[in-house]
Amino acid sequence: MMLAAVVAQAADQLPSWNDGPAKSTIVEFVTRVTKAGSTDFVPEPERIATFDNDGTLWAEQPMYFQLLFALDRVQAMAPQHPEWKTREPFASLLKGDVGKALAGGDKATAEIVMATHAGMTTEEFEKIVRDWIATARHPRTGRLYTEMVYQPMLELLAYLRANGFKTFIVSGGGIEFMRPWTEKAYGVPPEQVVGSSIKTKYEMREGKPVLVRLPAIDFIDDKAGKPVGINSHIGRRPIAAFGNSDGDRQMLEWTQGGGGKRLMMLVHHDDGAREWAYGAESKIGTFSDSLMAEARKQGWTVISMKDDWKVVFRPSNELQGR
């Protein structure tokens, strides 16, 4: 009865969540760690919550949105690179054959990303990202990519912040790809974004100091890299962590390892009608059987997109709900 009352009290703050185990777990956790005098009470400076981005805060199909950004950049940059007409993987991309271009695997993807993400200053890259995110649209839904964010997760971010949490994004995506738009999209400022990075170099250009993006990887913030990134950028172990795939396993393990009251949650993409149904066999956002087994063993909460969310995407002109 007490938990039911707590859930009812939080209903207005999480209106896109169906009443059920996932919502109850969130509300009970927040209630316990924020109640002064409780044995589970956590002081505000220690209320750190980390969120994966792709597949957790916004969609990740038919491919990671940053890769779609890179593919768009190839088209935009092609006039300055006539050699791409005969050089793979660019030649196939310019012919519209994305499948053939990406058939080269990680090597081809890395070549595309480096060609489109490096060779400019950090300020120039930020402007390119801002311009793209303001106009580019998802190939299937026709929505702006910032309309492909999950409404229930937006409410969860706001609910946690209203209860003294500091929310961080910890993603395998590029840190400088995310930082220009995460504050507007999620309310997460750039200094609270942790991600993969390429190397940068300080230079003086025309009497002005700049940072130049180099075609070399600096850090990969995925899998075992996520706890390392959290330690380097945040300096505190989270008490709550949210992911959706095998790439988030170590972040959840690291969070749980701190002891005390902890919340570990995984979004399960099981709604093929309103989004995409995928998991163990998917090359993008893989939710393997072993991850599901660990979630059950460790007591992590698996969020069923189909059962736990009343709506999926941030509302736009399209009718949402069910």
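Before reading on, note that the structure itself is shown above.
Residues numbered from 1 in each chain as written. Predicted model: local features only at pLDDT ≥ 70, side-chain atom pairs only at ≥ 80, totals over all residues. Heavy atoms only, no water.

A.B. asks: Can you lay out the overall build of the protein for me, pointing to particular residues and giving the numbers?
C.D. replies: Looking only at helices and strands, one finds 14 helices and seven strands in the protein. Projecting the C-alpha coordinates of the protein onto the three principal axes gives extents of approximately 70 × 45 × 35 Å. Here the protein holds 322 residues, and the buried ones make up 51% of them. When the 39 basic and 41 acidic side-chain charges of the protein are each reduced to a single mean position, those positions are 1 Å apart. (Helix = DSSP H or I, 4+ residues; strand = E, 2+ residues; numbered from the N terminus. Buried < 20%, exposed > 50% of the residue type's maximum accessible area, 1.4 Å probe, protein only. Lys, Arg positive; Asp, Glu negative; His and termini not counted. Charge placed at Lys NZ, Arg CZ, Asp CG, Glu CD.)

A.B. asks: Got a sec to walk through the packing of helix H12 (residues 249-256) against helix H13 (residues 289-298)? Specific residues and values, please.
C.D. replies: At a minimum axis separation of 12 Å, H12 and H13 run at an interaxial angle of 15 degrees. In terms of orientation, H12 lies roughly parallel with respect to H13. H12 and H13 meet at a crossing whose hand is left-handed. Across from Arg249, Glu253 and Gln256 in H12, the residues of H13 making contact are Ser290, Leu291, Glu294 and Gln298. Taken together, the residues of the contact of H12 with H13 break down into one nonpolar, three polar and three charged. (Axes fitted to C-alpha atoms, helices over the stretch in contact; angles between N-to-C directions. Parallel < 35°, antiparallel > 145°, perpendicular 65-115°, else oblique. Left-handed = near helix turned anticlockwise from the far one by under 90°. Contact = heavy atoms within 4.5 Å. Nonpolar A, V, L, I, M, F, W, Y, C, P; charged D, E, K, R; others polar.)

A.B. asks: An account of the pairing of strand E3 (residues 193-205) is requested, with residue identities and associated values reported.
C.D. replies: Here strand E2 (residues 166-174) pairs with E3 via three bridges, running parallel. Of the residues in E3, the one forming a bridge with valine 170 is valine 194. Note that E3 and strand E4 (residues 208-219) share eight bridges and pair antiparallel. Bridge pairing links tyrosine 202 to leucine 211 in E4. Once E3 ends, the chain turns through two residues before running back antiparallel as E4, passing glutamate 206 with a positive phi of about 55 degrees. (Pairing = 2+ DSSP bridges.)

A.B. asks: So what's going on with the packing of aromatic side chains? Which residues, and what values?
C.D. replies: For any pair of aromatic rings, geometry is given as the distance between the ring centres together with the angle between the planes. Overall, the coordinates contain 16 aromatic pairs when judged by the stated rule. Here the aromatic rings of tryptophan 58 and phenylalanine 65 are separated by 4.7 Å at their centres, their planes lie at 65 degrees, and the arrangement is edge-to-face. By the burial criterion, tryptophan 58 is buried, and phenylalanine 65 matches it. When the centroid spacing of 5.8 Å and the interplanar angle of 25 degrees are considered together, the rings of tyrosine 150 and phenylalanine 313 count as stacked. Placement of the pair is tyrosine 150 in the loop between helix H7 (122-135) and helix H8 (151-162) and phenylalanine 313 in the segment after helix H14 (305-308), with a sequence separation of 163 residues. Overall, the relative accessible area of 0% leaves tyrosine 150 in the buried class. Residue classification places phenylalanine 313 among the buried residues on the basis of a relative accessible area of 5%. Through a chain of ring-to-ring contacts, three or more aromatic side chains come together here, namely Trp58, Phe65, Phe69, Phe125, Trp132, Tyr145, Phe177, Trp181 and Tyr186. (Phe/Tyr/Trp six-rings, centres within 6.5 Å; stacked < 30°, edge-to-face > 60°.)

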